[in-house]
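# Analysis of the macromolecular model
Here's the letter readout for the chains.
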Amino acid sequence: MDPTLAPKVTPEGISEDRDTPSIVVAFINCVGQTKLPISKQLEIQSFVCSNKVDILHMQECKIDEDSFAQCGYLTSNFNLYSNNKPDESHYGTASLVRSDIEVSNIHTDNDGRVLVFDAAGSTWSNLYLPSGSDGNARAKREQYFSDIIPQLMVRRLAQGAAGGDFNSIIALNDSTRNPQTKVSPSCRNLVKAFSWSDSFRTLYPRAPTYSRHSDHPHHGSSASRIDRSYHWGNIEVREAEYTSISFSDHFCLVIQYGLPHNLSRHLAPKNRPAFKISPLVVNDETFKARLELSMIEWQTVKDNGAEVLLWWEYLVKNGIKQLALARSKELKKQKMGRLNILKLRQVNLTSKVNNMQVDLLAELKLVNLLISEWYHNESAAIHLLSRTNDLN
């Protein structure tokens, strides 16, 4: 690796003292054009789990009462805050925050583009600026940077971070083609006036990394880093990475921030849910065969004079549970094998594209398509199961 691209050790960057608490914040552009089906929700859940995300900011989305209802991990461990667009289109903003982190002082704009709240002793902002290069889009974007965002953040805490899809840049090295036309003067002024620091550039000041790549048939390939996060105050950036998610044409940004104080988490105790055998296991021929063989052995124990209630409670019920758990793990391993291989390939290609091997962009899109198809098939199975439960 080029030494000039290595992380800098600065007061704003990596600290030698890693004993202070940290929080992982991520950003995803959900591509409102394709809405937010269950397949996307399942992949978002997987993304949150694999990256150990505490706060997830989403742009280009519409949240309703059914959003993430089929995602057990998210519904059990996260609270969802949204700012939908008034026209009910899928171009609003939403944030998932771990349920053991208290959220307060929520502020939003009137067009679904800004969501600001306090959590973990810091202020966090989810931003989705208007896109487009025409005069109206530029004027609206500049108005947000110069007027709306400053007003919503006037009572921000001493430390925090603001990020999302800026649909513009302030540094010429954040675009590979015609960067001057993508610069937002008002955004540059906002960053300077509020003493914000680019979180990714704090660690990688010269890395040619971008969050959105495109390939035009006439103008050729281009890339820009329009998805960013800025931090201020006494917090540090420990890790920052752009990674891929199959359904989006933007790379996701994942950042680990070190906090200057202890992070107070409040988690209510929960009862362990009742054990249920999945219908996939119940209908599995291997499970049925194993159960039949086991029942022969268990019946022998009963015939030898075992007390019926004890025999049923401690031998049969527990034995069926152990058989079901073992087969469930085997089926999950089989099902996840192909997905894990695809994700490994996705990570490898994303790294190479980030290093400007743009000839691999088409292959990355193909891998993303295969991953999306996997989650689509998984969502279809969940939808069928939910309909079965409704009938019962």
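## Overview of the sheet that holds strand β12 (residues 227-232)
Across the sheet, which stays open at both edges, the six strands sit in the order β5-β6-β7-β8-β12-β9 with mixed pairing between neighbours. Each edge of the open sheet carries a strand with a single partner, namely β5 (103-108) and β9 (197-198). Of the pairings in the sheet, the one linking strand β7 (residues 122-128) to strand β8 (residues 160-165) comprises six bridges and is parallel in character. Note that in β8 the partner of N126 across the bridge is G163. Across the sheet, helix α3 (residues 135-152) touches β5, β6 (114-119) and β7, and the angle it forms with β6 is around 30°.

## Observations concerning the side chain of R327
When you line up the elements, R327 lands in helix α8 (residues 308-354). Relative accessible area serves as the criterion here: at 8%, R327 is assigned to the buried category.

## Some thoughts on the environment of L203
Mapping L203 onto the fold places it in helix α5 (residues 199-203). For L203, a relative accessible area of 1% gives the class buried. C-alpha of L203 to C-alpha of E239: the two residues are 36 residues apart in sequence and 7.7 Å apart in space.

## Examining helix α7 (residues 285-303)
Between the first and last C-alpha of α7 there are 27 Å, a value that for 19 residues agrees with the 27 Å anticipated at 1.5 Å per step. If you check which residues of α7 are buried, you get F287, S294 and W298. Summarising the axial view, the buried residues of α7 lie within an arc of 50°, below the 170-degree limit, and thus occupy one face. Facing away from the buried side of α7 by more than 90 degrees, the exposed set consists of E285, E292, L293, I296 and D303. Each element contacted by the buried residues of α7 is listed here: α6 (279-282) and α8. The residue sitting at the N-terminus of α7 and contributing the capping side-chain oxygen is D284; that oxygen lies 3.2 Å from the backbone nitrogen of T286.

## Some remarks on the nonpolar core
If you look at the biggest cluster of nonpolar residues, it comprises 64 residues, and the most contacted ones within it are I44, L56 and W124. The biggest single contributor to this core is helix α9 (residues 361-391), with seven residues. Not counting residues within four places of it along the chain, the set of residues in contact with W124 comprises I23, V25, I55, H57, L115, V116, F117, A119, A161, Y257 and L259. Of all hydrophobic cores here, the second largest spans 19 residues; its members include V114, L127, I170 and V191.

## Focus: the sheet that holds strand β14 (residues 252-258)
One open sheet accounts for six strands, arranged β3-β4-β2-β1-β14-β13; its pairing is mixed. Pairing within the sheet leaves two strands with one partner each, and these edge strands are β3 (78-83) and β13 (236-243). Going across the sheet, the axis of each strand differs from the next one's by a mean of 15°, ignoring polarity. In this sheet, strand β2 (residues 55-61) lies alongside strand β1 (residues 22-29) in parallel orientation, the contact comprising five bridges.

What counts as what
Residues numbered from 1 in each chain as written. Predicted model: local features only at pLDDT ≥ 70, side-chain atom pairs only at ≥ 80, totals over all residues. Heavy atoms only, no water. Pairing = 2+ DSSP bridges. Helix = DSSP H or I, 4+ residues; strand = E, 2+ residues; numbered from the N terminus. Contact = heavy atoms within 4.5 Å. Axes fitted to C-alpha atoms, helices over the stretch in contact; angles between N-to-C directions. Buried < 20%, exposed > 50% of the residue type's maximum accessible area, 1.4 Å probe, protein only. Expected span 1.5 Å × (residues − 1). Arc of directions from axis to C-beta. Polar contact = N/O pair within 3.5 Å; in protein donor to acceptor, adjacent residues only side chain to side chain. Core = buried A, V, L, I, M, F, W, Y, C linked by side-chain atoms within 4.5 Å.

The quantities given are spatial measurements derived from coordinates; they are silent on function.
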